[in-house]
Amino acid sequence: MPRSFTIRVPCSSANIGPGFDVVGLALSIWLELRVKTDEAISGVPQNCEISYEGEGASDLPREADSNLITRTALYVLKCHDIRSFPATTFVHIVNPIPLGRGLGSSGAAVVAGVMLANSIGQFGLSKERMMDYCLMIERHPDNVTAAMMGGFVGSYLRELDPVDMERKEIPLSEVLPEPAGGLDTGLRPPEPPYGIGHHIKFGWAKEVKAIAIIPNFELSTANSRSVLPKMYSAKDMIFNLQRLAVLTTALTRSPPDADLIYQAMQDKVHQPYRKTLIPGLTEILLSVTPKSHPGLLGICLSGAGPTILALATHNFDKIASEILARFSKEGVECAWKVLEPAYNGAEHVEE
């Protein structure tokens, strides 16, 4: 029988200052897949036809074996010995998540692809099991865990046998300069081990919103990681660990303690090294404080950047205006949005 269903996956912000590759926050911009299946129609490559609107509509591929969402879905299907979409599947992608801006667009695509395969194949996988597939593709757990599970999360990966991670059938996303893998070798890819990643969901004070200042240029995760050092001093690592230990509880307290959170969102592991890639980054991160802009709690780079994330309880317009003015001095135009946590994460709705 023909089916119709919708998959919704939130964007996410990783790191939140000191939590490099450790914490992520799901936020209220939603990637949406509107899916219909019809077994009576045939002749479509991979039995999948893609249409697209929103961010990246003019650039992203429409072929099922090239688009990250459907490449991911095909990988999960092949793990279950299904070589293509089992019925002609029409996937209309609606994407308002800016690409290459540090808001988890690739993580959302991977989560959406795994959920698409789970629904099309009717596998009945839990979110925890679907995370194993996500983490075979997106090797940093912060964004995908937030997008799948929702809310403010901390996560880690357990070490795996390198042989399991090198199979050519596994599509890779932002960990390389360009997406790679996902090759159809004719072999059945191995199913991921169970429990690749582990996470915990922290609380979140209801007053806290996120102001996203989104510059009009892209910055790939690969480029943003390329400027980071291979080794860190114990002093800088301890600096971040101390603040992360405080931050994950401070953001649960109501009313929030602005001075505590502002200091706890400082970082010495990734933001100082990315200033060469984002004009005025150092000055922007120092431009607003709880004293100069009441309502502000903290400010940081969102993921790999270039988006700036400011946590606040009120005074959103004035906080955003100051950051926009700083970017403007550098010749960078920005959009901005006030976002709320997406507490439930990815959703599937059968119609």
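Residue positions are given per chain, counted from 1 along the sequence in the order it is written. A pLDDT threshold of at least 70 governs which residues receive local features in this predicted model, and a stricter bar of 80 or more applies before side-chain atom pairs are shown or counted, although totals over entire chains, interfaces and linings include all residues. The side-chain numbers reported here are obtained from all heavy atoms of the structure, hydrogens and water having been left aside.

Q: In this structure, what is going on with the nonpolar core? I would like to understand it.
A: Side chains of a nonpolar character, in soluble globular proteins, are inclined to be buried together. Among buried residues, those of type Ala, Val, Leu, Ile, Met, Phe, Trp, Tyr and Cys that are joined through side-chain atoms within 4.5 Å constitute a nonpolar core. Partly exposed describes any residue whose relative accessible area lies between the buried limit of under 20% and the exposed limit of over 50%, with all areas from a 1.4 Å probe on protein chains only and scaled to the type maximum. In this structure, Ile 16, Leu 33, Val 111, Leu 116, Met 148 and Leu 311 are the most contacted members of the largest nonpolar core, which totals 73 residues. Counting residues per element, this core draws most heavily on helix H2 (residues 105-121), at 10 residues. Built from parts of two domains, this core gets at least three residues from each of domain 1 (3-199 + 343-350) and domain 2 (204-339). Contact criterion: two residues are considered in contact whenever any of their non-hydrogen atoms come within 4.5 Å of each other. In this view, Leu 33 contacts Phe 5, Thr 6, Ile 7, Ile 69, Val 91, His 92, Ile 93, Ala 112 and Leu 116; residues no more than four positions away in its chain are not counted. Counting residues in each nonpolar core, the second largest holds 20 residues, with Leu 285, Leu 296, Ile 319 and Ile 323 among its members. Each helix corresponds to a stretch of at least 4 residues labelled H or I by DSSP, and each strand to a stretch of at least 2 residues labelled E; elements are numbered beginning at the N terminus. Where each domain starts and ends follows an automatic or database-derived domain assignment.

Q: How should the packing of aromatic side chains be read in this particular structure?
A: By convention, a stacked pair of Phe, Tyr or Trp rings (six-membered ring in the case of Trp) has centres within 6.5 Å and planes under 30 degrees apart, an edge-to-face pair has planes over 60 apart, and any other such pair is tilted. As enumerated under the stated definition, the model contains four aromatic pairs in all. Aromatic side chains Phe 152 and Phe 202 sit 5.2 Å apart centroid to centroid with 55 degrees between the ring planes, which places their arrangement in the tilted category. Placement of the pair is Phe 152 in strand S5 (residues 152-157) and Phe 202 in strand S6 (residues 197-202), with a sequence separation of 50 residues. Judged by relative accessible area, which is 1%, Phe 152 ranks as buried. On the accessibility criterion, Phe 202 (23% relative accessible area) is partly exposed.

Q: Hey, could you run me through the environment of Pro 18 in this one?
A: Examined against the element boundaries, Pro 18 turns out to sit in the loop between strand S1 (3-15) and strand S2 (19-38). Residue Pro 18 is classed as buried on the basis of its relative accessible area, which comes to 6%. Taking the C-alpha atoms as reference, Pro 18 lies 38 Å from Lys 78; in sequence the two are 60 residues apart. Setting aside anything within four residues of it in sequence, one finds Pro 18 in contact with Asn 240, Arg 243, Leu 244, Leu 247, Ala 264, Met 265, Gln 266 and Asp 267.

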